[in-house]
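# Examining the three-dimensional arrangement
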Amino acid sequence: MSTWLAALERLQDRAEAAVLVSVVATRGSAPREPGARMVYSAQAQFDTIGGGHLEWRAAAIARDMLLKAPAPARLERIALGPSLGQCCGGVVTLSFELVAPGSTRELANWAAAEQIRQQALPQVVLFGAGHVGAAIVHILRTLPCRVLWVDEREDMFPPGLAPQVTIEATDVPNAAVDLADSGAYYLVMTHSHALDQQLAERILRRDDIAWFGLIGSLTKRRQFEHRLQARGYTAAQLDRITCPIGIDGIDGKEPASIALAVAAQLMQLWQRRASTDARPHADSCLKETP
């Protein structure tokens, strides 16, 4: 669950009023994308729409709504350069919605919409709850994705995980490969090379994976390629393995360093996928322009 939605639920439980601020539209360079949200109460702010002067302006409008309640909702079109002196130079349209105590119907609608949005986020299926796996999940819980975290050892999973992280503690982790969504991103980093190979075999049988990363060195990759070729896997299938994992330029072996490199690699993949998905729509719009 997003921070803003969890905050609204807590505030509703305490019968405290709040203001939900949403980025409705942007033009040019802007701190956050449409759909970004944050919540203001009389005492605190939850989540962010990008920080800086824009949030300062949003906070002033929200405080005014909480103190004076001039209207239950309003729209503000803010030019970041001329109005706020920010370097972004774009234009952001914000909506402000006063959430009074007892707004259960509105809250249910926002929760349903957020659940739909979450299901559209990329899914990462991570095998291995060791130090590196835990470090990666620690970063991924703050990013726009869903995580299916798989390990045989239930006691390895830490408490208090974010709602977008689902645990699968199972004696048959191979079966979890089949639980993943079409177009999922796989990361294999278990405590056993034999299990890593079994998972690789199961993953490569699927023809709908977006990406498959295997922790290890080039030596491990060559060993796996040799074994998988002997089992009938084709060169095209083996080319789908990314090993070693992580972006170039981050060479540290500490779990946190590996996690940063892998998270950055995933973000590059997601950005590339989003750009590819948006291109047909842009081409269609260009063709329809008279």
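In case you missed it, the structure is sitting above this.
Here the structure is a predicted model, which means the values were calculated and not measured. (Residues numbered from 1 in each chain as written. Predicted model: local features only at pLDDT ≥ 70, side-chain atom pairs only at ≥ 80, totals over all residues. Heavy atoms only, no water.)

### Side note on the sheet that holds strand E6 (residues 123-127)
The six strands lie next to each other as E8-E7-E6-E9-E10-E11, forming an open sheet whose pairing is parallel. Of all strands in the sheet, those bounded by a partner on one side alone are strand E8 (165-169) and strand E11 (241-242). Examined bridge by bridge, strand E7 (residues 146-151) and E8 share five bridges and lie parallel to one another. Across the sheet, Val150 pairs through a bridge with Glu168, a residue of E8. The strands touched by helix H5 (residues 131-140) are E6, E7, E8 and strand E9 (185-188); relative to E7, the strand with the most contacts, the crossing angle is about 165°. (Pairing = 2+ DSSP bridges. Helix = DSSP H or I, 4+ residues; strand = E, 2+ residues; numbered from the N terminus. Contact = heavy atoms within 4.5 Å. Axes fitted to C-alpha atoms, helices over the stretch in contact; angles between N-to-C directions.)

### Quick notes on the sheet that holds strand E5 (residues 91-99)
Within the open sheet, the five strands sit side by side as E3-E2-E1-E5-E4. Their pairing is antiparallel. Two strands close off the open sheet at either side, each with one partner strand: strand E3 (45-47) and strand E4 (73-79). Sheet twist, expressed as the average angle between the axes of neighbouring strands with direction ignored, equals 20°. Here seven bridges tie E4 to E5, and the two strands are oriented antiparallel to one another. From the neighbouring strand, Arg74 faces E5, where its bridge partner is Phe96. Each of strand E1 (18-27), strand E2 (37-40), E3 and E5 touches helix H1 (residues 3-13); the most contacted strand, E3, lies at about 140° to it. Each of E1, E2, E3, E4 and E5 touches helix H2 (residues 52-68); the most contacted strand, E5, lies at about 30° to it.

### Topic: the environment of Phe157
By secondary structure assignment, the location of Phe157 is in the loop between E7 and E8. On the basis of relative accessibility, which here comes to 10%, the residue Phe157 falls in the buried class. C-alpha separation for the pair Phe157 and Trp110, spaced 47 residues apart in sequence, amounts to 30 Å. Beyond its immediate sequence surroundings of up to four residues, Phe157 is in contact with Ala129, Trp149, Val150, Asp151, Ile167, Glu168 and Ala169. (Buried < 20%, exposed > 50% of the residue type's maximum accessible area, 1.4 Å probe, protein only.)

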